[in-house]
Amino acid sequence: MGWSMNKYIVGIDLGGMSAKAGLFSLSGELLHCARAKTDKKDGFEGTLDVLGALAKQVAKEGGADITDVQAIGVGSPGVVDSRTGTVLRWSNFEWTDVPFAKTLSKKTNCPVFVANDANVAALGEAKFGATAQYQSSILLTIGTGVGGGIVFDGKLIEGYKSAGAELGHITIREGGIPCACGRCGCYEKYASASALILQTRRAMVEDLDSSMWQLVDGKIENVDGKTAFAAARQGDRTAKKVIEQFVGYLSEGIADFVNILRPEAIVLGGGIANEGEDLFVPLRKAVDKRTYVAMDIVPLKIVGAKLGNTAGMYGAYCLTQQK
Ligand SMILES: [Zn+2]
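Predicted, not measured: the structure shown is a model, and the values here were computed from it.

Parameters at a glance
Every chain is numbered independently, its residues counted from 1 as its sequence is written. Predicted model: local features are reported for residues with pLDDT of at least 70 only, side-chain atom pairs are reported and counted for 80 or more only, and whole-chain, interface and lining totals are derived from all residues. Working from all heavy atoms in the structure, the side-chain values ignore hydrogens and water. Distances up to 2.8 Å from the metal define which N, O and S atoms are donors, and 3.2 Å serves for Na, K and Ca; water is absent from the atom set, so sites may look incomplete. Between 85 and 135 degrees for all angles marks four donors as tetrahedral; over 155 degrees for opposite donors together with 65 to 115 for all other angles marks four donors as square planar and six as octahedral; every other arrangement is irregular. Think of it in three bands: residues with accessible area under 20% of the maximum for their type are buried, residues over 50% are exposed, and the middle band is partly exposed, with areas taken using a 1.4 Å probe on protein chains only. Domain start and stop points were drawn from an automatic or database domain assignment. Defined in terms of a 1.4 Å probe, buried area is the accessible area two parts forfeit on being brought together, summed over both. The salt bridge definition used is simple: a Lys or Arg side-chain nitrogen within 4 Å of an Asp or Glu carboxyl oxygen. Polar contacts, as counted here, are pairs of nitrogen or oxygen atoms within 3.5 Å of one another; within protein the pair requires one atom able to donate a hydrogen and one able to accept it, and residues that are adjacent in sequence qualify only if both atoms are side-chain atoms. Here the term charged refers only to Asp, Glu, Lys and Arg, the term nonpolar to Ala, Val, Leu, Ile, Met, Phe, Trp, Tyr, Cys and Pro, and the term polar to all other amino acids, Gly among them. Each nonpolar core is a collection of buried residues, namely Ala, Val, Leu, Ile, Met, Phe, Trp, Tyr and Cys, held together in the definition by side-chain atoms within 4.5 Å. Comment: elements are numbered from the N terminus, with helices defined as DSSP H or I runs of at least four residues and strands as E runs of at least two. Residues are treated as being in contact if the distance between any of their heavy atoms lies within 4.5 Å. When DSSP finds two or more bridges between a pair of strands, those strands are recorded as paired. In this description, a line fitted to the C-alpha atoms serves as the axis of each element, helices being fitted only across the stretch in contact, and the angle between N-to-C directions of two axes falls anywhere from 0 to 180 degrees. Detection works on a 1 Å grid of protein atoms alone, calling trapped sets that fit a 1.4 Å probe cavities and calling open sets with protein on both sides within 12 Å along at least five of seven lines pockets, with lining residues defined by an atom within 4 Å of a point. Grid points are joined across faces, edges and corners, and a volume is the space filled by probe spheres set on the points. Helix span, as expected, comes to 1.5 Å for every residue beyond the first. Directions are taken from the helix axis to each C-beta atom, and the arc is the one they span. Roughly parallel means an angle under 35 degrees; roughly antiparallel, over 145; roughly perpendicular, 65 to 115; everything else is oblique. The sense of a crossing depends on the near helix, which, turned anticlockwise from the far helix by less than a right angle, makes the crossing left-handed and, turned clockwise, makes it right-handed.

Asker: How should I be thinking about the coordination of the zinc ion in this particular structure?
Answerer: Octahedral six-donor coordination of a metal ideally yields angles of 90 or 180 degrees, compared with 109.5 degrees for tetrahedral four-donor coordination. Looking at the zinc ion, the protein donor atoms are His-169 (ND1), Cys-179 (SG), Cys-181 (SG) and Cys-186 (SG), and they sit 2.0 to 2.3 Å from it. Geometry at the zinc ion is tetrahedral, judged from the four donor atoms that bind it and their angles of 104 to 116° at the metal. One chain supplies every donor for the zinc ion, spaced along it as H-x9-C-x1-C-x4-C. Across the pair, exposure class does not vary: Cys-179 and Cys-186 are buried alike.

Asker: Quick question: what am I supposed to make of the domain arrangement of the protein chain here?
Answerer: Where interface size is given, it is often the accessible area lost as the parts come together that is meant. Here the protein chain is partitioned into domain 1 (8-124 + 311-322) and domain 2 (132-306). Once you take the C-alpha centre of each, domain 1 and domain 2 turn out to be 29 Å apart. Of the roughly 1,000 Å² buried at the junction of domain 1 and domain 2 (both faces included), carbon and sulfur atoms supply 54%. Taken together, domain 1 and domain 2 are joined by zero salt bridges. Counting every contact that joins domain 1 to domain 2 gives four residue pairs in polar contact (both at pLDDT 80 or more). In the side of domain 1 that touches domain 2, the residues fall into nine nonpolar, three polar and one charged.

Asker: Help me out: how do you make sense of the nonpolar core in this one?
Answerer: It is characteristic of soluble globular proteins that their nonpolar side chains tend to be buried jointly. By size, the foremost hydrophobic cluster in this structure holds 45 residues, and its most contacted members are Leu-140, Tyr-187, Leu-250, Ile-254, Ile-266, Leu-268 and Leu-283. If one sorts the elements of this core by residue count, helix α8 (residues 237-261) sits on top with 10 residues. With residues near it in sequence (within four places) discarded, Leu-140 still touches Val-146, Gly-147, Gly-148, Leu-167, Tyr-187, Ile-254, Phe-257, Ile-266, Val-267, Leu-268 and Gly-269.

Asker: Hey, could you run me through the sheet that holds strand β5 (residues 79-81) in this one?
Answerer: Paired through backbone hydrogen bonds, the strands of a sheet run either parallel or antiparallel to each other. Strand order in the open sheet formed by three strands is β5-β6-β7, with antiparallel pairing between adjacent strands. One side of each edge strand has no neighbouring strand; the edge strands of this open sheet are β5 and β7 (95-98). Averaged over all pairs of adjacent strands, the angle between strand axes in this sheet comes to 15°, irrespective of strand direction. Taken together, the three bridges between strand β6 (residues 86-90) and β7 define a ladder with antiparallel strand orientation. Looking at β7, one finds that Val-87 is bridged to Val-98.

Asker: Got a minute to help me understand the layout of surface pockets in this structure?
Answerer: Of the pockets and cavities examined, the largest pocket occupies roughly 1,200 Å³. Together, 47 residues line the largest pocket, and Asp-117, Ala-118, Thr-141, Gly-147 and Gly-148 are the ones closest to its centre. Breaking the lining of the largest pocket down by element, the ones donating at least two residues are β1 (8-14), β2 (18-25), β6, α3 (117-128), β9 (136-142), β10 (146-152), β12 (265-269) and α10 (311-322). The element contributing the most residues to the lining of the largest pocket is α3, with five residues. Of the residues that constitute the lining of the largest pocket, the class distribution is 15 nonpolar, 24 polar and eight charged.

Asker: Got a minute to help me understand the sheet that holds β10 in this structure?
Answerer: Read across the open sheet, the five strands follow the order β11-β10-β9-β12-β13; overall the sheet is mixed. The open sheet is flanked by β11 (155-156) and β13 (301-304), the only strands paired with a single partner. With seven bridges joining them, β9 and β10 adopt antiparallel strand pairing. Counted as the bridge partner of Ile-138 is Ile-150 from β10. Packed onto the sheet, α8 meets β9, β10 and β12 and runs at close to 150° relative to β9.

Asker: Which parts of the structure should I look at to understand helix α1 (residues 43-61)?
Answerer: Side chains three or four residues apart in an α-helix point the same way, a direct result of the helix having 3.6 residues per turn. Its 19 residues place the ends of α1 27 Å apart at the C-alpha level, agreeing with the 27 Å of an ideal helix rising 1.5 Å per residue. Buried residues of α1: Phe-44, Thr-47, Leu-48, Leu-51, Gly-52, Leu-54, Ala-55, Val-58 and Ala-59, and no others. Along α1, the residues classed as buried sweep out an arc of 160° about the axis, all on the same side. Of the surrounding secondary structure, the elements contacted by the buried residues of α1 are β1, β2, β3 (30-37), β4 (69-76), β7 and α2 (100-108). Of the residues flanking the end of α1, it is Gly-63, one or two places downstream, whose phi is positive at about 85°.

Asker: Any chance you could explain α8 here in plain terms?
Answerer: With 25 residues, α8 should cover 36 Å at 1.5 Å per step; its first-to-last C-alpha distance of 36 Å lies within 8% of that length. Structurally, the start of α8 carries an N-cap: the backbone nitrogen of Thr-238 is 3.2 Å from a side-chain oxygen of Asp-236. Two residues or fewer past α8, Arg-262 is found with a positive phi of approximately 40°.

Asker: Looking at this structure, how should I read the packing of α8 against helix α9 (residues 277-290)?
Answerer: A packed helix pair is summarised by two numbers, namely the angle formed by the two axes and the spacing between the axes. Contact geometry of α8 with α9 gives a least axis separation of 8 Å together with a crossing angle of 50°. One finds that α8 runs oblique with respect to α9. Between α8 and α9 the crossing geometry is right-handed. Residue-level inspection shows Val-247, Gly-248, Leu-250, Ser-251, Glu-252, Ile-254, Ala-255 and Asn-259 of α8 in contact with α9, the latter providing Leu-279, Pro-282, Leu-283, Ala-286, Val-287 and Arg-290.

Asker: For this particular structure, what's the right way to read the environment of Leu-104?
Answerer: Among the structural elements, Leu-104 can be located in helix α2. Its relative accessible area of 0% is what places Leu-104 among the buried residues. The spacing of Leu-104 and Gln-70 is 34 residues in sequence and 14 Å in space, taken between C-alpha atoms. Contact partners of Leu-104, with chain neighbours within four places excluded, come to Leu-48, Leu-51, Gly-52, Ile-72, Val-74 and Val-112.

See below:
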């Protein structure tokens, strides 16, 4: 046993099924990763026991000790007041007003910083990923819904008690598809991967000759977010129309964010970003058509995310550095 001169940061990405932890050097080098299962049944205290043990495990496996860890950052699902370290509401785990940072800090003897997971991922992507060279960016994660975060001058824009930046719940179709949030016509009902799948299926039912049917072996349940893109590449007209409409929806929301905040870059995360320029070329055009200030006057980058499922861990590291 000696005195370790090395200091570390632990970054944790908490999810409903598992938690991922990364051991970082102070300068943000990811040294080691570990993972643990999470379960709603563990309750708040039990889940934080799991996270405390995970922090100790990732430190130990990375050749450090928890006493060498200077701070722990966490991205947590739900409404998270990052200023007080409180999870105000995580519906999935039925947490209400839980003192997250304080409790985990007690279990680990480390200062703990926590923020909403989508915001934290945006911070990671902004500092270490696709937009590291820009001062301002908005990350949109296209998945079951549309999540994301806003980063300006290296800091998250979260709103009062971090209850803002709910980018998936702006209305792009008044009186449109009902959303679980209580509103109709929310962005994520049109521009998420789930929405794209529904749009693809609807178009296939209306065009039984579409080559998309071959791509899914005649089974509509096999449709995924890639189906329309793959068929469009083969020249399928119906698929091209699906993509065109989806890109239109996606650009409506982006244009709103750009008109209000004008970041230097928009970053798209989620599987759809893998479609590359087949998505980004028409998307840039569609966004440029809709924004008040055109891209030839003020540039705007629209790019794919780079960090994938490590964005949350990197962001959690960043969280400890900005507080
Ligand atoms: Zn909504």
